[in-house]
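Now for the letters of each chain:
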Amino acid sequence: DFATVELPVTGGYIGEGVWGWARIFQEDLVAGEHTVAIGSAAFRPDCLYITCGDEEPTDELIRVDWASLLGAETMELLSKPYGEVRPDWLDGAADYQLPAWYDEYRVQLHTRLGPPWIDKPIFLTAAEAFRSMGLHTFARHIKSGGEGAWWPSSVGAILPGCEQRNLAQEIIDNAHANGCRILVYHRHMEDHQLFLDHPEWAARDDRGRELQQRREKICSEWPYDESALTRLLELVDMGVDGLYFDEVHMPKQGCWCENCKRLFKEQTGLDHPESYDPGDPLWHRLADFNNATIERVFRHWRQAIHERNPECVMLIGSNTWPTMADRHMTNRLFRIADSMKTEFDLANRMNGRIL
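**Digging into the pairing of strand 3 (residues 181-186)**
Line of reasoning, step 1. Counting buried residues along strand 3, five of its six residues qualify, which places the element largely inside the surrounding structure.
Line of reasoning, step 2. Direction of pairing for strand 2 (residues 137-143) relative to strand 3: parallel, over a ladder of six bridges. Across the sheet, Lys 143 pairs through a bridge with His 186, a residue of strand 3.
Line of reasoning, step 3. Traced from strand 2 through helix 6 (residues 167-177) to strand 3, the parallel crossover comes out right-handed.

Listed below in structure tokens is the structure:
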């Protein structure tokens, strides 16, 4: 049974009064192994203090003299909050109601029928099998990674064989013909051809190397979000019932492309951090900057999608959000999302986690 504890709201990351402490539990323990389980929190805790005595935690326990390390001017800039906890633009999403079709069927199927399956009959007839199982809503890939569009898109590269054939439309029509709603999985961060055409748009690590996962990642601080939106609206016009955005939405460690460096300086007055270092307040301001970029892009996409079709649901992946120890994304993003997609087991994976 979890105890409910009121956590204090704090301000920035440095300076007086930025730490707020709350007693989670006090217990007489016997010798042996014990587990502390944290169920959930409205925001992420930064420190757990465990003691066998009566001493109370203080800011001095983990104090670093950043003023001498970074200088007075940088400290002054860092003391200013970056954005608002509840900005005005959240009001536009506060009264959103999911369409009835989405709430009606709470069990929804997810598949990974991607390009390797194109030549198999199930690729274009999957909805018939799903409906025979009693399912009414399913998600399937419409862009699995960095490949081209599965339809003759007006922007970007096109998957070979789709220059004159609209595979996306055939998949959507197959779903609707069998009485199913379809959520399309659109992997939005990677685009191999766009990287070849605009290598400067690549998201880069602190050594200047382009980041890759399912091909090269594109940074959303470049005009990429507009070309991606063009494709999303093409899918909306084809009749998709929902758009499903997976994975991280900007590089977790930050991006060191030239545009991010320039915009970070313009918006914060600070020099872009030299490296990925969660112990550095400058890096935490870069995390704020990245999160604001994610929120801006999805607000823009959401408005355009809903103007085209108010019943088209926008699902946003929260990925490692359940860890509560990862600064990637804020709860503002999920307050503007129509629905959240979460893989809770990802919180148990050590690879790539920010601790």
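After that view of the structure, there is still more to cover.
**Focus on the nonpolar core**
Proteins that are soluble and globular tend to have nonpolar side chains buried together.
Line of reasoning, step 1. Formed by 72 residues in total, the largest nonpolar core has its most connected members in Leu 235, Leu 243, Phe 298 and Trp 301.
Line of reasoning, step 2. Looking at which element gives the most residues to this core, the answer is helix 10 (residues 281-308), with eleven residues.
Line of reasoning, step 3. Contact partners of Trp 301, with chain neighbours within four places excluded, come to His 188, Asp 225, Ala 228, Leu 229, Leu 232 and Phe 245.
Line of reasoning, step 4. Judged by nonpolar contacts, the second largest core, of nine residues, contains Tyr 102, Tyr 185, Tyr 244 and Val 313.

**A look at the packing of aromatic side chains**
Line of reasoning, step 1. Counted under the stated rule, the structure contains eleven aromatic pairs.
Line of reasoning, step 2. Between the aromatic rings of Tyr 185 and Tyr 244, the centroid separation amounts to 5.1 Å while the plane-to-plane angle is 75°, which identifies the pairing as edge-to-face. Here Tyr 185, found in strand 3, pairs with Tyr 244, found in strand 6 (residues 242-245); they are 59 residues apart in sequence, far enough to count as distant.
Line of reasoning, step 3. Arranged with centres 5.3 Å apart and planes meeting at 75°, the rings of Phe 245 and Phe 298 form a pair that is edge-to-face. Taken together, the positions of Phe 245 in strand 6 and Phe 298 in helix 10 put the pair 53 residues apart, joining distant regions of the chain. We note that Phe 245, like Phe 298, is buried.
Line of reasoning, step 4. Grouped by ring-pair contacts, the aromatic residues Phe 245, Phe 298 and Trp 301 constitute a single cluster.
Line of reasoning, step 5. Across from the ring centre of Phe 123, 4.9 Å away, lies the NZ or CZ of Arg 140, which sits over that ring.
Line of reasoning, step 6. Over the face of the ring belonging to Tyr 96 we find Arg 302, whose NZ or CZ atom lies 4.9 Å from the ring centre.

**Considering the packing of helix 8 (residues 224-238) against helix 10**
Helices that pack against each other are described as a pair by the angle of their axes relative to one another and the distance between those axes.
Line of reasoning, step 1. For the pair helix 8 and helix 10, interaxial distance at closest approach is 10 Å and the crossing angle is 30°. Comparing their axes, helix 10 and helix 8 come out roughly parallel. Both helix 8 and helix 10 take part in a crossing whose hand is right-handed. Residue-level inspection shows Asp 225, Glu 226, Ala 228, Leu 229, Leu 232, Leu 233, Val 236 and Asp 237 of helix 8 in contact with helix 10, the latter providing Arg 296, Val 297, His 300, Trp 301, Ala 304, Ile 305 and Arg 308.
Line of reasoning, step 2. Tallied by class, the residues present in the contact of helix 8 with helix 10 amount to nine nonpolar, one polar and five charged.

Conventions used here
- Sequence order as written defines residue numbering, which begins from 1 separately in each chain.
- The predicted origin of the model limits local features to residues at a pLDDT of at least 70 and limits the giving and counting of side-chain atom pairs to 80 or more, whereas totals for whole chains, interfaces and linings rest on all residues.
- By convention in this description, side-chain values take in all heavy atoms of the structure and omit both hydrogens and water.
- Exposure is judged per residue with a 1.4 Å probe applied to protein chains only, and the accessible area is read against the type maximum: over 50% gives exposed, under 20% gives buried, and values in between give partly exposed.
- Each helix is a run of H or I in the DSSP string that is no shorter than four residues. Each strand is a run of E no shorter than two, and both are numbered from the N terminus.
- When DSSP finds two or more bridges between two strands, those strands count as paired.
- When the strands point away from the viewer, a crossover counts as right-handed if the route from the first strand across the helix to the second turns clockwise.
- Put simply, buried Ala, Val, Leu, Ile, Met, Phe, Trp, Tyr and Cys residues joined by side-chain atoms within 4.5 Å make one nonpolar core.
- Contacts: residue pairs with any heavy atoms within 4.5 Å of one another.
- Note on ring pairs: Phe, Tyr and Trp rings are taken, using the six-membered ring of Trp, and paired if centres are within 6.5 Å. Classes follow the plane angle, with under 30 degrees stacked, over 60 edge-to-face and the rest tilted.
- We count a charge as sitting over a ring when the NZ of a lysine or the CZ of an arginine lies within 6 Å of the ring centre and within 35 degrees of the ring normal.
- Fitted lines through C-alpha atoms serve as axes, helices being fitted only where they are in contact, and the angles separating the N-to-C directions of these axes extend from 0 to 180 degrees.
- With respect to orientation, any angle under 35 degrees is reported as roughly parallel, any angle over 145 as roughly antiparallel, any angle of 65 to 115 as roughly perpendicular, and every other angle as oblique.
- By definition, any crossing whose near helix is turned counterclockwise from its far helix by less than a right angle is left-handed, and any crossing with a clockwise turn is right-handed.
- Ten residues, namely Ala, Val, Leu, Ile, Met, Phe, Trp, Tyr, Cys and Pro, are considered nonpolar, four, namely Asp, Glu, Lys and Arg, are considered charged, and the remaining ones, Gly among them, are considered polar.

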